[in-house]
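Observations on the model geometry
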Amino acid sequence: MKMRVVILWVGLLLAALAGLQAQEATAGLSSPSTSVGQPVELVVTVRDSRNAEVPQTIDVAGLRIELFGRATRFEMNNFKVTSSLTYTYSVVPLNAGEFTIPPIEVKVDKKTLKTAPARLSVMAGAPPALPAPQPLPNAPSTRSDVQPPAGQVTPYFGDLLLSKKKAYVGEVVPAELRYYFNSRISGEVGDRPNFGGEGFTAQKLSHVPKREQIVNGENYVVFGFQTGITPVKSGALEIPTSSLEARLQVPGSPPPGFADIFQQFGGALPPGMFTSSRDVSIDTKPVTMEVVPLPKEGKPENFSGAIGKFKMEASANPKKAAPGDPITIKVLVTGQGNFDAMGAPELTDDEGWRSYPPTDKFEPADAIHFTGTKTFEFVLIAKQDRIKTPGLKFSYLDPATGKYETLTQAPFDVEAKAGEAKPEASPVGNVTPSPTPKPESKASRSVVHVGGDSSWTPLFKQPFFLLLNLAVATVWGLALVYVLVKKLLRSAWMCRRSEAGRLKRLIADLEACEDGRFYDQAADCLASLGGADPESLGEGIPNADAEVLRSLSERIAESKYSPIALAKPTADERGRVMQVLTSLVSQYAK
Amino acid sequence: MRNKIPSTLRSGIVALILLSGAFSGWGDDLSDARSRAANGEHAEAIRLFEKHLQTERPSASVYFELGESAMKSANPASAALNFRRALILDPRFETARKALSEANLALGIPPDPSDWKVNLVSKVPLNALLITGVVVSWIGLFLTLAGSRVRARLIFAASLIFSGVSMVALAWFCDPRIEFSHQSYVLSSSGCVVFNAPVDNSEKLTKLAPGSVVTVISERGRWIYGQLPGGARGWFLSEGLESLIPRT
């Protein structure tokens with residue numbers, strides 16, 4: 001009983017959530033392009049509504065649009081229930097051209113919703129090729145009839161689309177592998193399918209951006225891979241199945257008894273409520289192509305294997321060439337076709353010119369190398385004075401008409417002088433006109449050149465050079481140290497320091513002197529301390545010390561001129577003089 | 001002691017004899033190669049030139065002569081490689097430069113672009129430039145020690161240092177042995193296929209003609225990632241390539 005109540009509440013909650021969803025109407029075409037007489041589907045989807053009114057027909061000049069189906073769908077994803085109505089119209093093109101289907105008015109309850117306008121491209125004749133985001137060339141399309149059965153929802157299927165079912169040997173046929181997954185299922189898709197087979201070569205598969213497409217009224221997510229198929233032999237060519245691996249979340253069955261509970265409330269189990277993971281391999285169906293050999297009729301002699309539709313442009317540079325200087329003719333072949341297999345254009349009227357095999361470079365404009373520009377460069381040297389370059393001729397097979405076409409380029413006006421560049425500038429003598437020069441036709445020269453290095457190591461990396469520079473650097477470093485030391489020794493601080501040391505030695509000598517020479521040595525000390533004016537020493541020192549210095553100066557003066565010069569100083573005098581001089585020397589040293 | 005002096009002398013004499021014998025052998029190879037080349041026996045001349053280059057120090061002249069013999073043996077790809085090597089050793093070797101342009105024409109590839117570096121090295125001897133730059137720099141440095149108190153002398157010394165260092169930098173920057181140390185040459189007569197990825201079955205981007213020069217960016221086993229002359233990049237198999245500067 002409790003369980004039923006819980007389920008009832010859950011049901012009510014889900015219904016309330018569904019009611020919160022905004023109503024909207026959208027319209028989508030099953031294909032954005034078609035041809036006259038080939039119908040496409042227009043599907044109008046109205047979300048979150050049980051009933052709606054739509055027009056039975058839609059008036060668009062050149063199109064016949066009639067309603068022919070209606071369906072109701074319930075979905076449940078992550079416990080979110082959505083319902084939608086789908087109305088399917090048949091759109092039959094009556095004329096070729098570009099059409100815009102106007103917004104369709106949908107009446108829901110008391111509201112009127114409008115869809116967005118849809119564009120349809122209608123071509124005369126067969127349906128166009130590969131309506132993909134990255135369109136392939138405009139060639140008639142032939143698709144294998146891999147379609148989900150009408151009236152039954154197919155979760156996934158594969159499809160191989162060829163731009164044509166009849167091709168020439170060596171022709172590049174653009175193809176696309178498509179893998180459709182119903183938008184209601186989720187999962188992971190492999191990187192790329194396996195694709196290959198006998199009797200043809202294929203370009204590397206190129207990813208097409210993921211897109212959505214309506215098929216039989218169902219919305220599918222489409223994974224596409226483009227390639228170019230080149231048949232290598234004539235006859236029926238079967239392009240085998242290609243498989244893409246995927247892990248999908250497919251609808252599963254509920255636990256036993258769960259469905260019964262829903263049925264007791266008179267309701268069905270919402271789709272998408274239970275899913276299971278499954279590894280699947282999605283296959284395309286094999287497709288058969290008819291491959292025919294190249295026509296022999298009208299095949300030009302210079303045909304080099306180009307099949308497609310091309311145009312040619314050329315230029316020559318420089319316009320004036322000195323003797324021996326080359327002139328380059330640059331040829332651009334642009335269009336659609338088998339660029340990888342095509343040969344170079346042919347030079348015409350090349351008498352008097354020496355030419356060499358051209359270089360080539362291809363710049364693709366699409367991922368499968370079907371469209372692009374191939375550049376050829378011819379290098380020419382005049383053997384005789386020339387005012388015109390050779391002309392150019394390029395032949396190809398147009399697969400649309402089955403006939404060979406030849407593009408021509410008239411010679412360019414130039415001014416080219418014959419001969420070699422300079423006598424000394426011709427180390428290999430006269431080169432013959434053939435692409436591979438004949439050696440014996442050249443003048444033999446014996447050149448024993450003197451000069452140049454005899455090592456692959458540059459001089460600045462050679463050990464001798466590095467060691468020599470290291471030695472010079474050492475000398476420079478020593479010289480720098482010498483200069484710095486010399487500078488330091490000559491500095492005022494060092495001079496004062498050395499003088500202080502000398503004074504200390506004098507004081508020591510003075511202390512040891514006990515006879516009449518005491519005053520002479522004291523005079524030396526004073527002279528060193530005060531220069532020529534010992535009196536100046538009295539400034540800034542205590543009066544007692546200044547008195548001692550004055551007395552000492554007088555005594556020194558007396559000792560020079562009187563007989564007391566040789567008199568020994570008293571111990572007291574010695575003591576006071578020593579004390580004052582020691583104090584002055586200490587101050588000087590600081 | 002008395003016995004040691006004669007034995008040292010004996011060893012020296014033996015070494016001198018061996019060296020002179022070896023030297024005369026090398027000389028014989030080269031002169032033999034030259035005489036064979038003069039007689040038109042280019043295949044044998046090429047073998048002897050290559051033998052000489054394997055044992056002797058590289059020489060621009062020998063590479064040029066080897067290139068000439070290769071050209072006369074209808075092998076313009078090998079000729080162009082040897083002319084290039086001669087030019088790397090002596091960028092002022094104008095005859096080799098002309099021969100290279102002829103070989104390139106024979107290979108059908110566009111001539112090498114001429115830039116200011118090529119013009120400079122074809123006129124100025126790089127070693128002389130380098131030595132001058134070094135000497136000038138050292139003079140400037142020693143002058144700074146001698147007269148730092150005189151301002152004019154200091155400025156003169158600084159300008160000497162600047163000039164010297166500039167010359168050294170120019171010699172370094174323009175030396176083809178530095179520039180070509182990461183370049184490889186397509187020697188294979190069948191050219192060299194450029195792949196999108198270092199896998200055999202990967203997408204083929206283009207094919208380089210024999211004689212093309214590619215700049216090696218990195219190597220992975222037998223695969224080389226490099227830059228094409230036009231600036232595009234791709235993977236090559238090392239089998240078709242030869243380093244411009246021979247690997248020792």
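Quantities reported herein were computed from a predicted structural model and do not represent experimental measurements. (Residues numbered from 1 in each chain as written. Chains lettered and ligands numbered in written order. Predicted model: local features only at pLDDT ≥ 70, side-chain atom pairs only at ≥ 80, totals over all residues. Heavy atoms only, no water.)

For chain A, the helix and strand inventory stands at 7 helices and 33 strands. Expressed as a percentage of its 590 residues, the buried residues of chain A come to 42%. Sequence-distant contacts in chain A: of pairs separated by 6 or more residues, those separated by 24 or more amount to 71%. For chain A, the exposed surface amounts to about 31900 Å²; the carbon and sulfur share of it is 55%. (Helix = DSSP H or I, 4+ residues; strand = E, 2+ residues; numbered from the N terminus. Buried < 20%, exposed > 50% of the residue type's maximum accessible area, 1.4 Å probe, protein only. Contact = heavy atoms within 4.5 Å. Areas by Shrake-Rupley, 256 points an atom, 1.4 Å probe, with all protein chains shown as cover.)

Turning next to the overall build of chain B. Looking only at helices and strands, one finds 9 helices and 7 strands in chain B. Among the 248 residues that make up chain B, the fraction classed as buried is 42%. Accessible surface, chain B as shown: approximately 12800 Å² in total, 61% of it carbon and sulfur.

All names here are of chain A. Residues of chain A with pLDDT of at least 70 account for 76%, and the chain-wide mean is 76. In this model, residues 126–151 is a region of pLDDT below 50 whose contacts with residues beyond four sequence positions or in other chains number 79 contacts. Overall, residues 421–446 carries pLDDT values under 50, and its contacts beyond four positions in sequence, including any with other chains, amount to 58 contacts. (pLDDT = per-residue confidence, 0-100.)

Turning our attention to a nonpolar patch on the surface. Residues and elements named next belong to chain A. Taken together, the side chains of Val481, Val485 and Leu489 present a nonpolar region at the surface, about 260 Å² in accessible area. Turning to its location among the elements, Val481 is positioned in helix 3 (residues 463–489). The exposure class assigned to Val481 is partly exposed, which follows from its relative accessible area of 48%. (Patch = residues over 30% accessible without salt bridge, like charges linked within 9 Å, V, L, I, M, F, W, Y side chains within 5 Å. Salt bridge = Lys/Arg side-chain N within 4 Å of Asp/Glu carboxyl O.)

Per the counting criterion, the structure on display carries 20 aromatic pairs over all chains. Residues A:Phe157 and A:Tyr180 carry aromatic rings whose centres are separated by 4.4 Å and whose planes lie at 10 degrees to one another, so their mutual orientation is stacked. Taken together, the residues span a long stretch of sequence, with A:Phe157 in strand 12 (residues 156–162) and A:Tyr180 in strand 14 (residues 173–182) at a distance of 23 residues. Residue A:Phe157 shares its accessibility class with A:Tyr180, and that shared class is buried. Chaining the aromatic ring pairs together yields one cluster made of A:Phe310, A:Phe339, A:Phe362, A:Phe394 and A:Tyr396. Against the face of B:Phe173 rests B:Lys117, its NZ or CZ located 4.5 Å from the ring centre. (Phe/Tyr/Trp six-rings, centres within 6.5 Å; stacked < 30°, edge-to-face > 60°. Lys NZ or Arg CZ within 6 Å of the ring centre and 35° of its normal.)

Turning our attention to the interface of chain A and chain B. On the chain B side, the residues contacting the 47 residues of chain A number 49 residues. Looking at the side of chain A facing chain B, the largest losses of area belong to A:Trp456, A:Phe460 and A:Trp476, adding up to 20% of the total buried there. For the pair chain A and chain B, the number of links is 0 salt bridges. Across the chain A-chain B interface, the total number found is 5 residue pairs in polar contact (both at pLDDT 80 or more). For the side of chain A that touches chain B, the leading source of residues is helix 3 of chain A, giving 10 residues. (Buried area = accessible area lost by both parts, 1.4 Å probe. Polar contact = N/O pair within 3.5 Å; in protein donor to acceptor, adjacent residues only side chain to side chain.)

Let's shift gears to the pattern of salt bridges. Applying the stated criterion across every chain, the model contains 20 salt bridges over all chains. Linking A:Lys309 and A:Asp398 is a salt bridge whose minimum nitrogen-to-oxygen distance equals 3.3 Å. Taken together, the residues A:Lys309 in strand 23 (residues 308–317) and A:Asp398 in strand 31 (residues 391–398) connect sequence positions 89 residues apart. The shortest N-O distance in the salt bridge between B:Arg177 and B:Asp175 comes to 3.1 Å. One salt-bridge network, held together by shared partners, links B:Asp32, B:Arg36 and B:Glu41.

A few words now on the sheet that holds strand 22 (residues 287–292) of chain A. Residues and elements named next belong to chain A. The 3 strands lie next to each other as 13-22-19, forming an open sheet whose pairing is mixed. Looking at which strands have only one partner, the edges of the open sheet turn out to be strand 13 (166–168) and strand 19 (235–239). Mean inter-strand twist for the sheet, computed between neighbouring axes without regard to direction, equals 35 degrees. Pairing of strand 13 with strand 22 involves 3 bridges; the strand directions are parallel. Directly across from Tyr168, in strand 22, lies its bridge partner Val292. (Pairing = 2+ DSSP bridges. Axes fitted to C-alpha atoms, helices over the stretch in contact; angles between N-to-C directions.)

Residues and elements named next belong to chain A. The alternating pattern of strand 8 (residues 105–108) places Val106 and Val108 on a buried face, while none of Glu105 and Lys107, on the opposite face, is buried. Pairing of strand 8 with strand 9 (residues 111–114), which is carried by 4 bridges, proceeds in the antiparallel orientation. Across the sheet, Glu105 pairs through a bridge with Lys114, a residue of strand 9. Taking the residues between adjacent antiparallel strands as the criterion, strand 8 and strand 9 are bridged by 2 residues, where Asp109 takes a positive phi near 50 degrees.

On to the packing of helix 4 (residues 76–89) of chain B against helix 5 (residues 94–107) of chain B, then. Residue and element names in this part refer to chain B. Between helix 4 and helix 5, the least distance of the axes is 9 Å, while the angle of their chain directions is 155 degrees. Classified by the angle their axes make, helix 4 and helix 5 are roughly antiparallel. When the axes of helix 4 and helix 5 are compared, the crossing they make is left-handed. Along the contact surface, helix 4 presents Pro76, Ala77, Ala80, Phe83, Arg84, Ala86 and Leu87, while helix 5 presents Ala96, Arg97, Ala99, Leu100, Ala103, Asn104, Ala106 and Leu107. Residue composition of the contact of helix 4 with helix 5, by class: 12 nonpolar, 1 polar and 2 charged. (Parallel < 35°, antiparallel > 145°, perpendicular 65-115°, else oblique. Left-handed = near helix turned anticlockwise from the far one by under 90°. Nonpolar A, V, L, I, M, F, W, Y, C, P; charged D, E, K, R; others polar.)

Further remarks concern the nonpolar core. Residue and element names in this part refer to chain B. In this structure, Phe49, Phe64, Phe83, Ala86, Phe93 and Tyr185 are the most contacted members of the largest nonpolar core, which totals 37 residues. Of all the elements in the fold, those that place two or more residues in this core are helix 1 (4–38), helix 2 (42–55), helix 3 (60–72), helix 4 and helix 5. The biggest single contributor to this core is helix 4, with 9 residues. (Core = buried A, V, L, I, M, F, W, Y, C linked by side-chain atoms within 4.5 Å.)

As a further point, take the environment of A:Gly217. Relative to the helices and strands, A:Gly217 is located in the loop between strand 17 (206–215) and strand 18 (218–231). The spacing of A:Gly217 and A:Thr88 is 129 residues in sequence and 6.8 Å in space, taken between C-alpha atoms.

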